[in-house]
Amino acid sequence: MDPTPQPPARWTWWLHYALYLILVGYVVGVVIVPALREETFGYTYDPDSDSYRFRDFAGILVMAKALWSGKAGYDLDSHLAVTRAWTGRDMAAAMPFPYAPTMLYLLGPFCPLPLAWAFAAWSVFNLAVVGYLLSRPDCPRVLGPIVFLTPTAVSCFTLGQSALLAAAALTYLGRATFRRPTERGTNVWVMALVLWALTARPQLAITAGAALLALRHWRPVLIAVALTLVTTAALTPLLGTRWVGDYFTLVSHYDTTTAPPAFAWALVPSHMNNLRALLTMECGVRDDWSSKISVGVWLTSLAVVLATAWLRRVPAAVVWGSCILLQLLLCPHVNTYELVLLYPVLVFLPHVAQEPSTFRTRIVWFIPLLLCLPPVGPLGIRPSLLFFGLLSFAGVFGWLSVGVVRRGLR
């Protein structure tokens, strides 16, 4: 008879939260405090090279403020005008705003604040969300905070990116689908609201929506679609009647080949870890065609997961892990810092791997290893290194998933 599982040692609890406190100290001392002291928060100008560097959150919030004021739209001229008004210089470059109108609602509470203080509030909010994730019973002891201390996760705080919130949203939705769609305790409206928030980045909403539909949780999807239509329509008087066409033009030319030069500088395949980066950086394929190929393969793969889950019983953890890994590998608009989306896979993996615990313990450490790969190096090496590393982990996840599905069919 197997021995009764023992609770984790007390020292692991202390270490778990000590690591979180280290993260808090780092973000406050190294990210927030210096940001509040910046003379021109959000951008720096190098007179020697006559070039600018932008902090992602600042550029996004400046554009969101302009959109809320009704003084800008999704067109190129608006982006340039907003950037010039912000920096006070006649610039020929701008930070693109490829987010759906839902992002305006999410950033709305931060818009009244000065940029630096808004960044501080945003960072504290992200820290609180990470703290909540680490306090959940399904968070791997010690390994969970290590994931958020990796260079990739820390860069999300430095840039002010929303990937940490997206990881929390996918974790919540995945955990919620471990119950049956009609089972008591399944909060359909909260699930719908979380999915609606993900529509700020449509590719994330597509991934989450496909997983929910595969698991027959169709009510949150329908409610989220309705919420998106209503909230977007409410902004149309503010954004104008041309915003749909301008937004489609922006996202459909979101590559280094066809994007306007004012945007192309911000689209860097070498900072990605997906099929698009592999095709563009390693195989010499034009970036626009790399993006189109990636979109086609990604959507087809999601459709295969959806069809498979409808034809046979597939555990929720398998569906969510597969959809997230396909998002990271195939979706063309995924930057390296979004590897933090592997955190939900880490949480769901124990529900997939039925192998001996020693194997499971070893394979999960591959996730922080991926997040620790240095963000520097020859451009032709880094995308392929990350891509094939992620592909290797996806292969192991697929092998474990097939075994679970087969055993479930017996």
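Residues numbered from 1 in each chain as written. Predicted model: local features only at pLDDT ≥ 70, side-chain atom pairs only at ≥ 80, totals over all residues. Heavy atoms only, no water.

## Observations regarding the overall build of the protein chain
Rules: The secondary structure listing takes helices from DSSP runs of H or I that are at least 4 residues long and strands from runs of E that are at least 2 residues long, numbered from the N terminus. We call two residues in contact whenever any of their non-hydrogen atoms come within 4.5 Å of each other. Only the protein chains shown count as cover for residues, and the accessible areas themselves come from Shrake-Rupley with a 1.4 Å probe.
Helix and strand content of the protein chain: 20 helices and two strands. By sequence separation, contacts in the protein chain at least 24 residues apart represent 75% of the contacts at least 6 residues apart. Accessible surface, the protein chain as shown: approximately 19,200 Å² in total, 66% of it carbon and sulfur.

## Looking at the packing of aromatic side chains
The criterion, for reference: The aromatic pairing rule takes the rings of Phe, Tyr and Trp, using the six-membered ring of Trp, and pairs them if the centres are within 6.5 Å, calling planes under 30 degrees apart stacked, those over 60 edge-to-face and the rest tilted. Working rule: Lys NZ or Arg CZ, within 6 Å of ring centre, within 35 degrees of ring normal, means a charge sits over the ring.
Overall, the coordinates contain 21 aromatic pairs when judged by the stated rule. One aromatic cluster is present, built from ring pairs that chain together Phe41, Phe57, Phe110, Phe119 and Trp122. Seen from the ring of phenylalanine 119, arginine 55 lies directly overhead, with NZ or CZ sitting 4.7 Å from the centre. Cation over ring: arginine 216 sits above tryptophan 310, and NZ or CZ is 4.1 Å from the ring centre.

## Some remarks on the pattern of salt bridges
Defined as follows: Salt bridges are counted wherever a side-chain nitrogen of Lys or Arg sits within 4 Å of a carboxyl oxygen of Asp or Glu. Between buried and exposed lies partly exposed: a residue is buried under 20% and exposed over 50% of the maximum accessible area for its type, with that area taken using a 1.4 Å probe on protein chains only.
For the structure shown, the criterion picks out seven salt bridges. Where arginine 55 meets glutamate 38, a salt bridge forms, and the shortest distance between an N and an O atom there is 2.6 Å. Linking arginine 55 in the loop between strand S2 (51–54) and helix H2 (56–69) with glutamate 38 in the loop between helix H1 (10–37) and strand S1 (43–46), this pair joins segments that are 17 residues apart in sequence. With relative accessibility at 16%, the residue arginine 55 sits in the buried group. Across the pair aspartate 138 and arginine 175 runs a salt bridge, and its minimum N-O distance is 2.8 Å.

## What about the nonpolar core?
Applicable threshold: Among buried residues, those of type Ala, Val, Leu, Ile, Met, Phe, Trp, Tyr and Cys that are joined through side-chain atoms within 4.5 Å constitute a nonpolar core.
Phe97, Phe148, Leu198, Val319, Trp320 and Leu342 are the most contacted members of the largest nonpolar core, which has 138 residues in total. When residues in this core are grouped by element, the largest group, twelve residues, is from helix H16 (residues 316–330). Those residues in contact with phenylalanine 97 that sit more than four places away from it in its chain are Ile60, Met63, Ala64, Leu67, Tyr74, His79, Met103, Leu104 and Leu250.

## Here's the deal with the packing of H2 against helix H3 (residues 76–87)
Let me state the cut-off plainly: All axes are obtained by fitting lines to C-alpha atoms, using only the stretch in contact for helices, and the reported angles, taken between N-to-C directions, cover 0 to 180 degrees. Between 65 and 115 degrees an angle is taken as roughly perpendicular, under 35 as roughly parallel, over 145 as roughly antiparallel, and anywhere else as oblique. Only Asp, Glu, Lys and Arg are considered charged in this grouping, and only Ala, Val, Leu, Ile, Met, Phe, Trp, Tyr, Cys and Pro are considered nonpolar; every other residue, Gly among them, is considered polar.
Closest axis-to-axis distance for the H2/H3 pair is 10 Å, and the angle between their directions is 110 degrees. The angle between the axes of H2 and H3 places the two elements in the roughly perpendicular class. Note on element contacts: H3 touches H2 through Ser78, His79, Val82 and Trp86, opposite Ala58, Gly59, Val62, Met63 and Ala66. Residues of the contact of H2 with H3, tallied by class, amount to six nonpolar, three polar and no charged.

## Examining the confidence of the model for the protein chain
For clarity, the cut-off: Each residue carries a pLDDT score, the predictor's own confidence in it, on a scale running from 0 to 100.
In the predicted model, the protein chain carries a mean pLDDT of 88, and the fraction of residues at 70 or more is 89%. In this model, residues 1–6 is a region of pLDDT below 50 whose contacts with residues beyond four sequence positions or in other chains number zero contacts. Overall, residues 376–381 carries pLDDT values under 50, and its contacts beyond four positions in sequence, including any with other chains, amount to five contacts.

## Here we look at H2
Filter applied, for reference: How far a helix is expected to stretch is found by multiplying one less than its residue total by 1.5 Å.
An ideal rise of 1.5 Å per residue puts 20 Å on 14 residues; H2 measures up with 20 Å between its terminal C-alpha atoms. Of all the 14 residues making up H2, eleven are buried; the element is thus mostly covered by neighbouring parts of the structure. All of the buried residues along H2 are Asp56, Phe57, Ala58, Gly59, Ile60, Leu61, Val62, Met63, Ala64, Ala66 and Leu67. Two residues or fewer after H2 comes glycine 70, characterised by a positive phi angle close to 80 degrees.

## Here we look at the packing of helix H10 (residues 202–214) against helix H15 (residues 287–311)
So the rule is basically this: Note: crossing handedness is left-handed where the near helix turns anticlockwise from the far helix by less than a right angle, and right-handed where it turns clockwise.
Two elements in contact, H10 and H15, have axes whose closest approach is 8 Å; the angle formed by their N-to-C orientations is 15 degrees. Taken together, H10 and H15 sit at an angle that is classed as roughly parallel. Between H10 and H15 lies a crossing of right-handed hand. Here H10 contributes Gln203, Ile206, Thr207, Ala210, Leu213 and Ala214 to the contact with H15, which in turn contributes Trp298, Leu299, Leu302, Val305, Leu306, Ala309 and Trp310. Broken down by class, the residue content of the contact of H10 with H15 amounts to eleven nonpolar, two polar and no charged.

## A short note on the environment of glutamine 161
The following threshold applies: N or O atoms within 3.5 Å of each other form a polar contact, as long as, within protein, one can give a hydrogen and the other can take it, and as long as residues adjacent in sequence are counted only when both atoms are side-chain atoms.
Residue position: glutamine 161 is located in the loop between helix H7 (151–159) and helix H8 (163–176). Classification of glutamine 161 by relative accessible area gives buried; the value is 3%. Separated by 176 residues in the primary sequence, glutamine 161 and tyrosine 337 place their C-alpha atoms 8.4 Å from one another. Dropping the residues within four chain positions of it, glutamine 161 is found in contact with Asp56, Tyr99, Trp122, Asn126, Cys156 and Tyr337. In terms of polar contacts, glutamine 161 uses its side chain to reach the side chain of tyrosine 337, at 3.1 Å.

## A few points about the environment of valine 404
With respect to the secondary-structure elements, valine 404 resides in helix H20 (residues 382–409). Judged by its relative accessible area of 11%, valine 404 falls in the buried class. Put simply, valine 404 and histidine 351 are 53 residues apart on the chain and 9.2 Å apart in space, counted from C-alpha to C-alpha.

## Quick notes on unusual backbone geometry
In this structure, valine 142 is a non-glycine residue whose phi angle is positive, near 70 degrees. In this fold, valine 142 is placed in the loop between helix H5 (115–135) and helix H6 (143–148). Although it is not a glycine, arginine 216 adopts a positive phi angle of roughly 65 degrees. Positionally, arginine 216 belongs in the loop between H10 and helix H11 (218–239). Take arginine 216: its relative accessible area is 34%, and that puts it in the partly exposed class.

## Quick word on the side chain of threonine 87
Locating threonine 87 in the fold gives a position in helix H3. Threonine 87 gets classed as buried once you look at its relative accessible area, which sits at 9%.

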